[in-house]
Amino acid sequence: MPDPQASLDPLDRPPWWRDRRVVPWLVQGVVALLLLVLIAFLLGNLVHNLTTRDMLLSWRWLGQTAGFDISETLVPFNAEMPYWRGLVAGLANTLRAVITGLVGATLLGTLAGMASYSRNGLLRGLTRTYVETIRNIPLLLQLIFWYFVVFLSLPNGSAALQIPGVVLAKSGLYLAGLGQGMHWSLPQLVNGVWQAPLRLSVEFAALMSGLIIYSGAFIAEVVRGGIASVPKGQWEAATSLGMGWFATLRHVVLPQALRVIVPGLNTQYISLAKNSSLAVAVGFTDLYSVAETTLNQTGRALEVYLLLLGAYLAMDLVISLLMNGLNRFVQIRER
Amino acid sequence: MTSSPNNLVIEARGVQKWYPNGYHALRGVDLSVHRGEVVVVMGPSGSGKSTFIRTFNALEGSIRIDDISLGNDLRQIDAIRREVGMVFQQFNLFPHLTVLDNLVLAPTLVRGRSRTEVQAQALSLLDRVGIKEQAQKFPGQLSGGQQQRVAIARALCMEPRILLFDEPTSSLDPEMVREVLDVMRQLAQEDITMVVVTHEVKFAEQVAHRVVLMAEGNVVEEAPPAQFFKNPKHERTRRFLDQIL
Amino acid sequence: MNPLLRRLRADLFATPADGALSLGLIALITAAAVGLVQWATQRAQWAVIQANSTLFAVGRYPADQQWRLWLLTALLTAATGVTWGLLRCHPRADRDGTLWPRNDLVVLALLAAVAFWLPWVLQLTPALQSRWWLLAALLAATRWLAGRFGSQLSRPVLRLFPLVWPLIYLTGMVLISGGLGLMPVSPSQWGGLLLTLLTSSFAILLCFPLGVLLALGRRSDLPLLRWISVIYIEFIRGAPLITLLFLGQNILGFLLPGGLAPDRIWRAAWVLTFFAAAYLAEAVRSGLASVPNGQIEAARSLGLSYPQTLVRVVLPQALRVALPAMVGQFISLLQDTTLLSLIGLLELLGVARTVMANPAFLGHSAEVYLTLALVFWSCCAALGLGSRALEKRLDPQTLSRSSSQP
Ligand SMILES: Nc1ncnc2c1ncn2[C@@H]1O[C@H](COP(=O)(O)OP(=O)(O)OP(=O)(O)O)[C@@H](O)[C@H]1O
Ligand SMILES: [Mg+2]
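Analysis parameters
- Residues numbered from 1 in each chain as written.
- Chains lettered and ligands numbered in written order.
- Predicted model: local features only at pLDDT ≥ 70, side-chain atom pairs only at ≥ 80, totals over all residues.
- Heavy atoms only, no water.
- Helix = DSSP H or I, 4+ residues; strand = E, 2+ residues; numbered from the N terminus.
- Buried < 20%, exposed > 50% of the residue type's maximum accessible area, 1.4 Å probe, protein only.
- Contact = heavy atoms within 4.5 Å.
- Areas by Shrake-Rupley, 256 points an atom, 1.4 Å probe, with all protein chains shown as cover.
- Near = heavy atom within 4 Å.
- Polar contact = N/O pair within 3.5 Å; in protein donor to acceptor, adjacent residues only side chain to side chain.
- Nonpolar A, V, L, I, M, F, W, Y, C, P; charged D, E, K, R; others polar.
- Salt bridge = Lys/Arg side-chain N within 4 Å of Asp/Glu carboxyl O.
- Phe/Tyr/Trp six-rings, centres within 6.5 Å; stacked < 30°, edge-to-face > 60°.
- Lys NZ or Arg CZ within 6 Å of the ring centre and 35° of its normal.

1. Considerations on the overall build of chain C
Point 1. Tallying secondary structure elements over chain C gives 19 helices and zero strands in all.
Point 2. Taken over the C-alpha atoms alone, chain C extends approximately 75 × 70 × 55 Å along its principal axes.
Point 3. A burial count over chain C gives 44% of its 406 residues as buried.
Point 4. Partitioning the contacts of chain C with sequence separation of at least 6, the portion at a separation of at least 24 is 75%.
Point 5. By element, 70% of the accessible surface of chain C is carried by carbon and sulfur atoms, the whole surface being about 20600 Å².

2. Digging into the side chain of aspartate 336 of chain C
Point 1. Structurally, the position occupied by aspartate 336 of chain C is in helix H16 (residues 306-336).
Point 2. Setting aside residues no more than four positions away along its own chain, aspartate 336 of chain C makes contact with Leu241, Leu272 and Phe275 of chain C.

3. Digging into the site of ligand 1
All names here are of chain B.
Point 1. The immediate surroundings of ligand 1 are formed by 13 residues, with Ser45, Gly46, Lys49, Ser50 and Thr51 found nearest.
Point 2. The separation between an oxygen atom of ligand 1 and a polar side-chain atom of serine 50 is 2.6 Å.
Point 3. In the model, an oxygen atom of ligand 1 is placed 2.4 Å from a nitrogen or oxygen of the threonine 51 side chain.
Point 4. Split by residue class, the shell around ligand 1 holds four nonpolar, seven polar and two charged.

4. Looking at the pattern of salt bridges
All names here are of chain C.
Point 1. If you walk through the whole model with that rule in mind, you get 25 salt bridges over all chains.
Point 2. With its nearest N and O atoms 2.9 Å apart, the salt bridge here joins glutamate 282 to arginine 218. With glutamate 282 in helix H14 (residues 264-289) and arginine 218 in helix H10 (residues 192-218), the pair connects residues that are 64 residues apart, well separated along the chain.
Point 3. Three or more residues are tied together by salt bridges with common partners; here these are Arg218, Glu234, Arg237, Glu282 and Arg285.

5. Things to note about the packing of aromatic side chains
Point 1. Following the criterion strictly, the structure yields 21 aromatic pairs over all chains and no others.
Point 2. Taking 5.1 Å as the distance between ring centres and 25° as the angle between the ring planes, the aromatic pair formed by phenylalanine 116 of chain C and tryptophan 133 of chain C counts as stacked. Note that phenylalanine 116 of chain C is positioned in helix H6 (residues 102-121) and tryptophan 133 of chain C in helix H7 (residues 126-149), a separation of 17 residues in sequence.
Point 3. Note on tryptophan 133 of chain C: relative accessible area 35%, which makes it partly exposed.
Point 4. A cation over a ring is seen here: arginine 135 of chain A above phenylalanine 218 of chain A, with NZ or CZ 5.7 Å from the ring centre.
Point 5. The aromatic ring of tryptophan 84 of chain C is capped on one face by arginine 143 of chain C, whose charged end is 5.6 Å from the ring centroid.

Listed below in structure tokens is the structure:
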């Protein structure tokens, strides 16, 4: 057994495989080598398999006529237009779903998070039930439920569900709004067909119901955690100044809780953006479902996949950048 | 191997240490420790005491002695760690193991000894530091003084040749300091080589063979306790003593 | 005043506005509950579940081979019972010494009730019903035996017992897929709950070591390992699962030499594994960050090697802290298996969608989807409850609290 003095021997020069200056680089070298071999193997196969099929990376198909239609689009699109226009229309639909979903889920989640600190025991219990129920049921199942069980079983025509200003029918959701000539107008039944300034398809409505209620539950937990991070003394101080429950929450607690809430929101927003790809299950034509159709028609798996991945990574990046900006703003204001 | 006639256990000459951020923490420290000796290291905060005694345990890297890099042989580093025990300011007991398992873990894993044998030894060590009854408890259930005594027993259980203490009493309440110092005193009488970083002057006066003052990454003064405290040679030592006495 | 009444008043009727809100909520909840019960008992037709219960359970698994699945269920039940009993008789200071603590009896009563009620509701044949009862009896018996005699087992036996689980898993694989003299059943015939549980358990088991390695890599001092881990984790977390499943189905075949690519189901299972590993790594990383540096220094100064330090000192502490987050990931993994239905695999939701395509069951999708929701909810909630119980059991702090109180 080596003596401790041995290491203090001025002539100690360890062999390289035991030298602590060498070993870390050795480990990394081996890992790098293995990784390179793996990548080379996979890429080699990819190139080999694609060249034998004559399908090596090419983007010319993007200009070919798509030949499929998209039922609801923000940017104009029809079957005669090229694939790339279809993908753009799909992206626009995804963005529409994500942005609407973000706003809705934030509102619902914040309300539910605040309600879980309510004085009213019933309300607290109800929000807990909401969160615990929704979080333990798969989102896809919820979306399918909303679409097939709720929205597709709505009646049509005059039997449609009517709330003042809103009509829920199998043919769509009709909302009151500013119509032609900037007049406020309500949904109307014209020849058995509903007409209104704002119409949402049931597919979009189902997607939004599912996404907002699902993400809302997670955001409620984030908000609740944020509120919990504010010391109890703050509540007591504000109450002793005569502020009510809502005023305390709104002016004292929430501003401080934001420091904890904003990073949590970032995660939830990104997962909402990714979850929007489940739209394909309820027949809403988003980026993913356009990509799937395109793949089935052209067989261009790799290119379609790269586009799809690039779009989602870019979306995540934008959300993260915005939320990091917001985070910085919140943290500075804190001081 | 340099086995000197007078039983030199630690011989550090010109030890240098740079932290990754470029800070030059040790600037040529010289120190020799003989078998059975108790050396107390003192010095102002940030002078490099912790850094220095951790070099013995190879927890810090890039030691250089006389311009030759040392301590880069992984096998020797492991060997040193087996032979050198260390007691930390923050105890660093393993919270997920019982007190007994804290002691048993290393001897069984590192020295490959049988569990029953080590357990018997561990119990007698716990008895020696006065907390045999707590063997089955978890560290979180003990007081600070008890935890530090467990930490000492844990280090002893590896039967080290040298025991290093880095401010073992600094994070203890005053009434617990004594129980830990008593254990250390007892150890000192048992001929264990000890290097102790501490500001307990009384302990140094009674137990130490030598007291070392470190400042700005250097050893400034090295003397027997009587001389160190009553009649220091260096101006820097005098200033330091003025502050702590 | 009655304390219950006082509590109610403080909770529900503290102010007039609160009172109004409470009354409104009570009315709403009552209406919803009454509506649901009326629907479930009068309008709903549960025949769609009863007629397809086998399909939901195992998909198109050949009927003459289903005894293998029953055998596997029996093995799992016995192992659960023994583990449960051993956990109870393992000495812990915070445990009361009774053979059957109250919550154990409650759990057993619940399970027995399910074992009686479920076959009845599903209108199973008497032969199948008796199998359910036998399983319930097996669970109770093994639990009792292990609780009664477990303390007499020697230490090595107790330490080796957890190995029973991987053994059962391997046996289960053989039983399900055939081989070793059993008739092979191709993966395309697996389905329903069987496929859901198989893919999720496979992914959970394999993503765990992978996630721990990635987390260690991300915190490593070696820049290359760190960068590889970061790129992998962020790449996976940036992409929706469905695009990765898409990758597995459409592109994996190109990345491997011809014939090497596994079956569609296994491809999906591997994608789930690699997907979950990235999320698990983040959970484990937060646990690793919570272990103070002093722990590593202490272990190293005692002479433990780096792997020993990791396995004996760092990971036990880190994983305990990471446990709730990890179980959260396992829960979402279980839910994520539903996405397999989007790539044409017949797990629970996939089976449900094929059943709904049958015109005979038109208009009864609510029954099917609500039942699925209940199944998933119970599984996930049980996992969550289990994790909380395990967390408490593993935490030495709760132990200290319970024993330091006189
Ligand atoms: N990991 C590190 N990286 C960079 N600088 C460090 C590191 N650890 C310590 N230092 C610096 O090295 C110097 C010596 O530190 P050291 O901990 O050895 O001092 P000390 O004498 O033990 O002080 P104290 O009495 O406060 O414990 C200090 O200035 C400290 O800031
Ligand atoms: Mg120090």
